[in-house]
Amino acid sequence: AQKVTQAQTEISVVEKEDVTLDCVYETRDTTYYLFWYKQPPSGELVFLIRRNSFDEQNEISGRYSWNFQKSTSSFNFTITASQVVDSAVYFCALSEVSRGAQKLVFGQGTRLTINP
Amino acid sequence: DVKVTQSSRYLVKRTGEKVFLECVQDMDHENMFWYRQDPGLGLRLIYFSYDVKMKEKGDIPEGYSVSREKKERFSLILESASTNQTSMYLCASSFDRGFNQPQHFGDGTRLSIL
């Protein structure tokens, strides 16, 4: 069965520090997609990035970067020069197709607190 | 931008009541989903629907049912609410059945069963 593990339950850092959120996944599929979502205190999950299993290039978007390593089944997320507004719960998710529809399998989430 | 709207942000109900949570999306998405979120457990899928009047059980369907009479609306029903259904409920939608599609989420409904 598909599984996503985010071993870090909570992380707390001081503003401007770099921080990496870990995500490890299990799947038997050869083609799959991985996602990261951000959940700020307001509650809505915000889609951040999607990565397919054939594309192992790292991605950078401003202060955010993602490192996908198929060999270790990991899809880690790094925030550079963190800011207070980055405080949120972050979820990693893996897609699967079940009974004709796409499903997402989520990790447990990592609560990130950025202190001023 | 996709907009997924959940009818209530906070809801308090009593044990045994029948509870309806409503969700509407405005982007003509085929798929809709209901999750519950509990601390330490992440998001768990309750039910999903990939077409009008179609529904599929997710990972934790017990105690819940759903209704999708119109494409834009997906309702979650707690037939007889119990205290262990106190949770945050999140609705989501996605464009089609392709498994590269991101899901778009509503703000969530924090439900308390007393």
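Residues numbered from 1 in each chain as written. Chains lettered and ligands numbered in written order. Predicted model: local features only at pLDDT ≥ 70, side-chain atom pairs only at ≥ 80, totals over all residues. Heavy atoms only, no water.

Digging into the state of the cysteines
Here is step 1: Summed over all chains, the structure comprises 2 disulfides over all chains.
Here is step 2: One disulfide in the model links cysteine 23 of chain A with cysteine 92 of chain A; its S-S distance is 2.0 Å. The disulfide joining cysteine 23 of chain A to cysteine 92 of chain A has a torsion of about -65° about its S-S bond and is therefore left-handed. Highlighted residues: cysteine 23 of chain A in the loop between β3 (19-21) and β4 (24-26) and cysteine 92 of chain A in strand β10 (residues 88-98), separated in sequence by 69 residues. When sorted by exposure, cysteine 23 of chain A lands in the same class as cysteine 92 of chain A, which is buried.
Here is step 3: Two residues, cysteine 23 of chain B and cysteine 91 of chain B, share a disulfide whose sulfurs are 1.9 Å apart. Handedness here is read from the sign of the S-S torsion; for cysteine 23 of chain B and cysteine 91 of chain B, about -80°, the answer is left-handed. In this pair, cysteine 23 of chain B sits in strand β3 (residues 19-25) while cysteine 91 of chain B sits in strand β9 (residues 87-94), placing the two residues 68 residues apart along the sequence. (Disulfide = S-S within 2.5 Å. Helix = DSSP H or I, 4+ residues; strand = E, 2+ residues; numbered from the N terminus. Buried < 20%, exposed > 50% of the residue type's maximum accessible area, 1.4 Å probe, protein only.)

Points about the side chain of serine 65 of chain B
All names here are of chain B.
Here is step 1: Here serine 65 lies in strand β7 (residues 64-70).
Here is step 2: Residue serine 65 is classed as buried on the basis of its relative accessible area, which comes to 14%.
Here is step 3: Here glutamate 79 takes part through its side chain, which lies 2.7 Å from a polar atom of the side chain of serine 65.
Here is step 4: In this structure, serine 65 is in contact with Tyr47, Ser75, Leu76, Ile77 and Glu79, ignoring residues within four places of it in sequence. (Polar contact = N/O pair within 3.5 Å; in protein donor to acceptor, adjacent residues only side chain to side chain. Contact = heavy atoms within 4.5 Å.)

A look at the packing of aromatic side chains
Here is step 1: Counted by the stated rule, this structure contains 20 aromatic pairs over all chains.
Here is step 2: Plain terms: the ring middles of tyrosine 37 of chain A and phenylalanine 106 of chain A are 5.9 Å apart, the flat faces sit at 50° to each other, and that makes the pair tilted. Pair noted here: tyrosine 37 of chain A is in strand β5 (residues 33-39) and phenylalanine 106 of chain A is in strand β11 (residues 101-106), with a separation of 69 residues, a long-range link.
Here is step 3: Seen in terms of ring centroids, phenylalanine 33 of chain B and tyrosine 35 of chain B are 6.3 Å apart; in terms of plane orientation they differ by 25°. Their pairing is stacked. For the residue pair phenylalanine 33 of chain B and tyrosine 35 of chain B, the accessibility class agrees, reading buried in each case. (Phe/Tyr/Trp six-rings, centres within 6.5 Å; stacked < 30°, edge-to-face > 60°.)

A few points about the sheet that holds strand β8 (residues 73-78) of chain B
All names here are of chain B.
Here is step 1: What the 4 strands build is an open sheet, ordered β1-β3-β8-β7; its pairing is antiparallel. At either end of the open sheet lies a strand with only one pairing partner, and these are β1 (4-6) and β7. When the angles between neighbouring strand axes are averaged without regard to direction, this sheet yields 20°.
Here is step 2: In this sheet, β3 lies alongside β1 in antiparallel orientation, the contact comprising 3 bridges. Residue pairing in the sheet places valine 4 in a bridge with glutamine 25 of β3. (Pairing = 2+ DSSP bridges. Axes fitted to C-alpha atoms, helices over the stretch in contact; angles between N-to-C directions.)

Quick notes on the pattern of salt bridges
Here is step 1: What the rule picks out here adds up to 10 salt bridges over all chains.
Here is step 2: Close ionic contact of arginine 44 of chain B with aspartate 38 of chain B constitutes a salt bridge, the shortest N to O distance being 2.8 Å.
Here is step 3: For aspartate 38 of chain B, a relative accessible area of 12% gives the class buried.
Here is step 4: We note a salt bridge from glutamate 69 of chain B to lysine 53 of chain B, for which the minimum N-O separation is 2.4 Å. Highlighted residues: glutamate 69 of chain B in strand β7 and lysine 53 of chain B in the loop between β5 (42-49) and β6 (56-57), separated in sequence by 16 residues. In terms of burial, glutamate 69 of chain B and lysine 53 of chain B fall into one category: exposed.
Here is step 5: What emerges from the salt-bridge pattern is a single network uniting Arg51, Asp55 and Glu59 of chain A. (Salt bridge = Lys/Arg side-chain N within 4 Å of Asp/Glu carboxyl O.)

The values are spatial; any link to function lies outside them.
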